[in-house]
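Reading the structure
These are the residues of each chain, in order.
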Amino acid sequence: QVQLVESGGGLVQPGSSLRLSCLASGGTFSRYAMAWFRQAPGKEREFVASISWSGGSTYYTDSLKGRFTISRDNAKNTLYLQMNNLKPEDTAIYYCAGGLGVAGTQTSRVAYDYWGQGTQVTVSS
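Keep in mind it's a predicted model, so treat the numbers as computed, not measured.

**Here's the deal with the overall build of the chain**
Helix and strand content of the chain: zero helices and 11 strands. Seen in sequence order, the chain has helices and strands lined up from the N terminus as β-β-β-β-β-β-β-β-β-β-β. Relative to the 2.2 N^0.38 estimate, which gives 14 Å for 125 residues, the radius of gyration of the chain is 13 Å and therefore close to what a compact globule would have. In the chain, which comprises 125 residues, the proportion classed as buried is 43%. Once local pairs closer than 6 in sequence are excluded, the contacts in the chain between residues at least 24 apart make up 58%. Approximately 6200 Å² of the chain is accessible, and the part contributed by carbon and sulfur atoms is 45%. Looking at charge distribution, the chain has the averaged site of its 11 positive side-chain charges lying 4 Å from that of its 8 negative ones.

**Focus: the sheet that holds strand β8 (residues 78-83)**
Judged by pairing direction, the sheet is antiparallel, and its four strands sit side by side in the order β1-β3-β8-β7 without closing on themselves. Where the open sheet ends on each side, the last strands, each with one partner, are β1 (3-7) and β7 (68-73). Sheet twist, expressed as the average angle between the axes of neighbouring strands with direction ignored, equals 15 degrees. Relative to β8, β7 runs antiparallel, the two being bridged by six bridges. Paired with Thr69 across the bridge in β8 is Gln82.

**Points about the environment of Tyr32**
Within the fold, Tyr32 resides in strand β4 (residues 32-39). In sequence terms Tyr32 and Gln13 are 19 residues apart; their C-alpha atoms lie 33 Å from each other. For Tyr32, the contacting residues outside a window of four places in its chain are Val2, Trp53, Arg72, Gly98, Gly99, Leu100 and Tyr114.

**Focus on the pattern of salt bridges**
A full pass over the atoms with the stated rule returns four salt bridges. Between Arg38 and Glu46 there is a salt bridge, and its shortest N-O distance comes to 2.6 Å. According to the relative accessible area criterion, Arg38 is buried, its value standing at 9%. Each of the salt bridges in this network shares a partner with another, and the network as a whole consists of Arg38, Glu46, Arg67 and Asp90.

**Some remarks on the state of the cysteines**
For the structure shown, the criterion picks out one disulfide. Linked covalently through their sulfurs, Cys22 and Cys96 form a disulfide whose S-S length is 2.0 Å. Here the disulfide of Cys22 and Cys96 is right-handed, its torsion about the S-S bond being about 55 degrees. Of this pair, Cys22 sits in strand β3 (residues 18-25) while Cys96 sits in strand β9 (residues 92-100), and the two are 74 residues apart along the sequence. Each of the two residues, Cys22 as well as Cys96, counts as buried.

**Focus on unusual backbone geometry**
A positive phi angle, near 55 degrees, is found at Asn77, a position not held by glycine. Not every positive phi belongs to a glycine, and Asn85 is a case in point at roughly 45 degrees. Locating Asn85 in the fold gives a position in the loop between β8 and β9. Relative accessible area serves as the criterion here: at 43%, Asn85 is assigned to the partly exposed category.

Thresholds applied
- Residues numbered from 1 in each chain as written.
- Predicted model: local features only at pLDDT ≥ 70, side-chain atom pairs only at ≥ 80, totals over all residues.
- Heavy atoms only, no water.
- Helix = DSSP H or I, 4+ residues; strand = E, 2+ residues; numbered from the N terminus.
- Rg over C-alpha atoms; globule rule 2.2 N^0.38 Å.
- Buried < 20%, exposed > 50% of the residue type's maximum accessible area, 1.4 Å probe, protein only.
- Contact = heavy atoms within 4.5 Å.
- Areas by Shrake-Rupley, 256 points an atom, 1.4 Å probe, with all protein chains shown as cover.
- Lys, Arg positive; Asp, Glu negative; His and termini not counted.
- Charge placed at Lys NZ, Arg CZ, Asp CG, Glu CD.
- Pairing = 2+ DSSP bridges.
- Axes fitted to C-alpha atoms, helices over the stretch in contact; angles between N-to-C directions.
- Salt bridge = Lys/Arg side-chain N within 4 Å of Asp/Glu carboxyl O.
- Disulfide = S-S within 2.5 Å.

Okay, here's the thing in structure tokens:
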């Protein structure tokens, strides 16, 4: 059973950067494809980015390409999401998710077995 804990969220101004982290425990992190999803108030949870177990393959939702970067450090059991030039529409709860045997390009929520509790990101002036 893998436990995931996100951190790094907060209140920032438009144009700022944040780096989210997701620390995994209780399993072999390097075996899992990982992803970030987000959920804004009143909206469904949506895919942000994913990364293969090795980190060799990444995938992004089109609207976030160039601003967000997903990465992982398997030695530290940690997943990251670097977010640059943040906009008010990026305001959401950000969740990390992990799946065993999942492709690094998987965008569907149901494919991921493990979820963190989420970290709030608020972008406002």
